[in-house]
Number of protein chains: 2
Amino acid sequence: MSAQRVTAAVLIVGDEILSGRTQDINLSAIAKFLGVLGVEVAEARVVSDVHDDIVAALNALRTRWDYVITTGGIGPTHDDITADGVAAAFGVPLYEHPEIIALMLQRYQPSELNAARRRMARVPEGGELIKNPVQGPPGFTIGNVFVLAGVPSIMRGMLLDVGPRLKGGTVVLSRTVRVEGFGEGIIAAPLEATAKAYPEMSLGSYPFSSPDLYGSNLVLRARDPQELDRATADLIAALEAAEITGARVMEA
Amino acid sequence: MSAQRVTAAVLIVGDEILSGRTQDINLSAIAKFLGVLGVEVAEARVVSDVHDDIVAALNALRTRWDYVITTGGIGPTHDDITADGVAAAFGVPLYEHPEIIALMLQRYQPSELNAARRRMARVPEGGELIKNPVQGPPGFTIGNVFVLAGVPSIMRGMLLDVGPRLKGGTVVLSRTVRVEGFGEGIIAAPLEATAKAYPEMSLGSYPFSSPDLYGSNLVLRARDPQELDRATADLIAALEAAEITGARVMEA
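Procedures and definitions
Residues numbered from 1 in each chain as written. Chains lettered and ligands numbered in written order. Predicted model: local features only at pLDDT ≥ 70, side-chain atom pairs only at ≥ 80, totals over all residues. Helix = DSSP H or I, 4+ residues; strand = E, 2+ residues; numbered from the N terminus. Contact = placed C-beta atoms within 7 Å. Core = buried A, V, L, I, M, F, W, Y, C linked by C-beta atoms within 7 Å. Buried ≥ 20, exposed ≤ 12 C-beta atoms within 10 Å, placed from the backbone. Domains from an automatic or database assignment. Least-squares fit on C-alpha atoms with pLDDT ≥ 70 in both. Nonpolar A, V, L, I, M, F, W, Y, C, P; charged D, E, K, R; others polar. Pairing = 2+ DSSP bridges.

### Notes on the environment of valine 123 of chain A
Residues and elements named next belong to chain A.
(1) Moving on: With respect to the secondary-structure elements, valine 123 resides in strand S5 (residues 122-124).
(2) Moving on: Once the C-alpha coordinates of valine 123 and threonine 22 are considered, the two residues, 101 residues apart in sequence, prove to be 27 Å apart.
(3) Moving on: Not counting residues up to four positions away in its chain, the partners in contact with valine 123 are Ala83, Leu94, Tyr95, His97 and Phe140.

What follows is the structure in structure tokens.
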């Protein structure tokens, strides 16, 4: 085994997420997309549309994790300042990318290419474009940072051009063991015993309850499929030894 | 005017959010709840179930913002380590809170009070309990940090006992001006002009588009209701001057 951990952070930029006006759904979409490629989202932050906060968060995340994906703040309005923050973090100027201007001129007359629209053509020096198959201008990447739109449908479209640029590690596999009719308070001991026997793995418990049914989904995560099989079997045996019956393996 | 800004950060603890398995809905619920009390969520972070990451994030957030709300990681299983992280951040030990033990003994026989359940009775020295009107043990608060459950229904129940403990500032009021049939590329200039005239306010643009309709919701946010009225009128006038017609004020 030479399982390799490759990590990413997600940086969500936008007052509207922090005010509660908009429910973020990008983090989970990015996590699932990257997970399949063997890139594990290890941290996420949400910052407001404040230049220094974007720069500080970006520098903290890009030095610690292998990749950073940002969402939001790349539109044409004055509060779209992510490109400025990324350029400042890397200490490079922004310039108007001729390819984006050319793309815009397919849609707009030269007279319609106003200052606001030109804002969206700004890319940090040394950056490369990320294709936008949905609508609007491209995103960009510089260093280990990928700068995507905040609108979920556009963000997901851009991810398609991020995937091939990432060097993924070993994919983390997961399996869920569902236990019904027993609470976490008695599941905890056999779960912890199994977790201690597999220190490289992550084992979590996610309880559910309704008037009709309660229990917990026990999620095992490992990079080694054989280890995942062994730990699953050991967990079920440990549950049964604790008289917690009926545990069953769900599709991951 | 002596508008006062009071801030909070949200720290979400849990591998399941970062893996994409669980969609967080707590951040927006907390932001809306606190907003009404005059407490503005200014940053959010999601960290995994790793002790040092919880401690580092907590110390960064509690020193910068007025309050910190954490969600997740306070159940009975081995991966529930938020209390440990909070205690370490404050440099105090955990102890078994007699009130939580007493609550548990209303539900369980003494013989059922196993090590896992007792984990949930651990509170940092100097902490106070936060009532849980839904199910399970209380949360707790220490210093400017409030430690809540991750299950959304329980988290929202606990928030009811957090509210009265906060010293809120001036509530941020918001108003939405909806523009249909015009894109952000031409809305940007009048929006920016208005934003520059009201530097204390936050003005954002949130575009929408469907095959039938496109446009943008322009959101104005201010602590001073009269300033909000003036800026709204100025924005609509600026839009009309730019021949962007039909803008209308929506309920905030």
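### Examining the nonpolar core
Nonpolar side chains tend toward joint burial in soluble globular proteins.
(1) Moving on: In terms of nonpolar packing, the biggest core is built from 96 residues, with Ala8, Val10 and Leu11 of chain A together with Ala8, Val10 and Leu11 of chain B touching the most fellow members.
(2) Moving on: For alanine 8 of chain A, the contacting residues outside a window of four places in its chain are Leu34, Val39, Val41, Ala42, Trp65, Asp66, Tyr67, Val68 and Ile69 of chain A.
(3) Moving on: With 20 residues, the next largest nonpolar core counts Ala116 of chain A together with Val179, Leu191 and Ala222 of chain B among its residues.

### A closer look at the environment of histidine 78 of chain B
(1) Moving on: Topologically, histidine 78 of chain B is positioned in the loop between strand S3 (67-71) and helix H4 (82-90).
(2) Moving on: Taking the number of C-beta atoms within 10 Å as the measure of exposure, histidine 78 of chain B has 20 and is therefore buried.
(3) Moving on: Considered as a pair, histidine 78 of chain B and aspartate 49 of chain B are 29 residues apart in the sequence and their alpha carbons are 10.0 Å apart.
(4) Moving on: With sequence-adjacent residues up to four places away left out, histidine 78 of chain B is seen in contact with Ala188, Leu191, Glu192 and Ala195 of chain A.

### Focus on the domain arrangement of chain A
(1) Moving on: Considered domain by domain, chain A is made up of domain 1 (7-165) and domain 2 (173-250).
(2) Moving on: Centre-to-centre separation of domain 1 of chain A and domain 2 of chain A, based on C-alpha positions: 38 Å.

### A closer look at the relation of the copies chain B and chain A
(1) Moving on: The operation relating chain B to chain A is a screw motion whose rotation component is 180°, with 0.0 Å of axial translation and a residual RMSD of 0.0 Å. The two molecules are tied by a two-fold rotation axis, judged by turn and shift. For chain B, the residue whose C-alpha comes nearest the rotation axis is arginine 45 of chain B, separated from it by 2.1 Å.

### Some words on the interface of chain B and chain A
(1) Moving on: Contacts between the two partners involve 42 residues from chain B, matched on the other side by 42 residues from chain A.
(2) Moving on: Within the residue set of the side of chain B that touches chain A, elements represented by two or more residues are helix H1 (15-18), helix H2 (26-36), strand S2 (40-47), helix H6 (115-119), helix H8 (184-197) and strand S10 (202-209) of chain B.
(3) Moving on: When grouped by side-chain class, the residues that make up the side of chain B that touches chain A number 18 nonpolar, 14 polar and ten charged.
(4) Moving on: As defined by bridge partners, strand S2 (residues 40-47) of chain A adjoins S2 of chain B across five bridges and the pair is classed as antiparallel. By the bridge assignment, glutamate 43 of chain A is partnered in S2 of chain B with valine 47 of chain B.

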